[in-house]
Amino acid sequence: MNINDILIPMVTLGGLGLIFGAILAFASSRFAVEKDPRVDEVREALPGANCGACGYPGCDGLSAAIVAGKAPMNACTVGGAASAEKIGAIMGVEAQASEKQVARVLCQGDLEAAAQKYKYVGIESCAAANALGGGSKACGYGCLGFGDCAKACPFDAIEIVNGVAIVDEERCTGCTICVAACPKGIIQMVPQSKRVVILCASLDKGKLVRGYCKVGCIACNICVRKCPENAIVLESNLAHIVYDKCTNCAECVDKCPTSSIKKYDDVCEEKQTAAL
């Protein structure tokens, strides 16, 4: 075999490679989109959780959106006020402060307080149990206790105690991932400073609620009448707190005949005691 039969193709391919490489390098330089250096600075100010709670594909997507003016500087619930302040300094404007939102599970019907309509044996998943007649709990609105929310939480802020999920507010970042994970839709985001909570989501009439839960809202209307701030309304057989009006006076807590209204600090203490 002639040596030229090998060298010529090699030289030809090498030359073509150099030519195409030069073309690609020129095109990359000619059509490159200049990146705003603030994108990287904003990215550094974010916590790096990449949870997607902001509605963007991770912290990289959010930082680009903030610099482009498509997202507010306080869009990251995980970073909270600290991240928003840093981002505001980078962007040269004052970030609007927003109160931390935390998740609350609107149910306290644990294994002692709530009746069961059958014994569930299957996949330990709230979604799976809910698909079987709404789950084994007699209350069709109650926490099923298999921890889909806890498994979904990227911050280990939820645990299951005696068949009911409870949120550790120190770890909760307000990312709302647990809200989407709950098949019953009973996890609500609430301003952390608001300590009074109605731990029930049942829309059934009071007589029916009494039959399956010791701590459910029976729509008696006492809390509505006794609240000095008119911060509680009754809708569809269930009391709701208007948090813009609530002052944490706890008058409703003392008056509720079924103890379905509590201060969240007391709830945490009770659950911690039950877990021991």
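Residues numbered from 1 in each chain as written. Predicted model: local features only at pLDDT ≥ 70, side-chain atom pairs only at ≥ 80, totals over all residues. Heavy atoms only, no water.

What am I meant to see in the nonpolar core here?
In summary, soluble globular proteins display a tendency toward joint burial of nonpolar side chains. Ranked by internal contacts, the top residues of the largest apolar core, which has 43 residues, are Ile232 and Ile261. Those elements that provide at least two residues to this core are strand 1 (101-105), strand 2 (158-161), strand 3 (164-167), strand 4 (187-191), strand 5 (196-198), strand 7 (238-241) and helix 10 (251-255). The biggest single contributor to this core is strand 3, with four residues. Setting aside chain neighbours within four positions, we find Ile261 in contact with Val196, Val197, Ile198, Cys223, Cys252, Val253 and Cys256. By size, the runner-up hydrophobic cluster in this structure holds 17 residues, among which are Cys59, Met73, Val78 and Ile87. (Core = buried A, V, L, I, M, F, W, Y, C linked by side-chain atoms within 4.5 Å. Buried < 20%, exposed > 50% of the residue type's maximum accessible area, 1.4 Å probe, protein only. Helix = DSSP H or I, 4+ residues; strand = E, 2+ residues; numbered from the N terminus. Contact = heavy atoms within 4.5 Å.)

Would you take a moment to explain the environment of Val67 for this structure?
Here Val67 is to be found in helix 3 (residues 58-67). Since its relative accessible area comes to 13%, Val67 is described here as buried. C-alpha of Val67 to C-alpha of Ile87: the two residues are 20 residues apart in sequence and 9.4 Å apart in space. Once residues lying within four places of it in the same chain are set aside, the contact partners of Val67 are Asp36, Arg38, Val39, Val42 and Met91.

For this particular structure, what's the right way to read the packing of aromatic side chains?
Aromatic rings in a pair are described by how distant their centres are and how their planes are angled relative to each other. Throughout the structure, instances matching the rule amount to one aromatic pair. Positioned above the aromatic ring of Tyr264, the side-chain terminus of Arg104 is 4.6 Å from the ring centre. (Phe/Tyr/Trp six-rings, centres within 6.5 Å; stacked < 30°, edge-to-face > 60°. Lys NZ or Arg CZ within 6 Å of the ring centre and 35° of its normal.)

Explain unusual backbone geometry to me, please; I cannot follow it from the model alone.
Note: most residues except glycine have negative phi, and most peptide bonds are trans. Positive phi values are uncommon outside glycine, yet Thr176 reaches one of about 70 degrees. Along the chain, Thr176 falls in the loop between strand 3 and helix 7 (177-181). Judged by relative accessible area, which is 34%, Thr176 ranks as partly exposed. One non-glycine residue, Asn221, lies in positive phi territory at about 80 degrees. Among the secondary structure elements, Asn221 is positioned in the loop between helix 8 (206-212) and helix 9 (222-226). A residue is classified by how much of its surface remains accessible, and Asn221, at 26% relative accessible area, is partly exposed.

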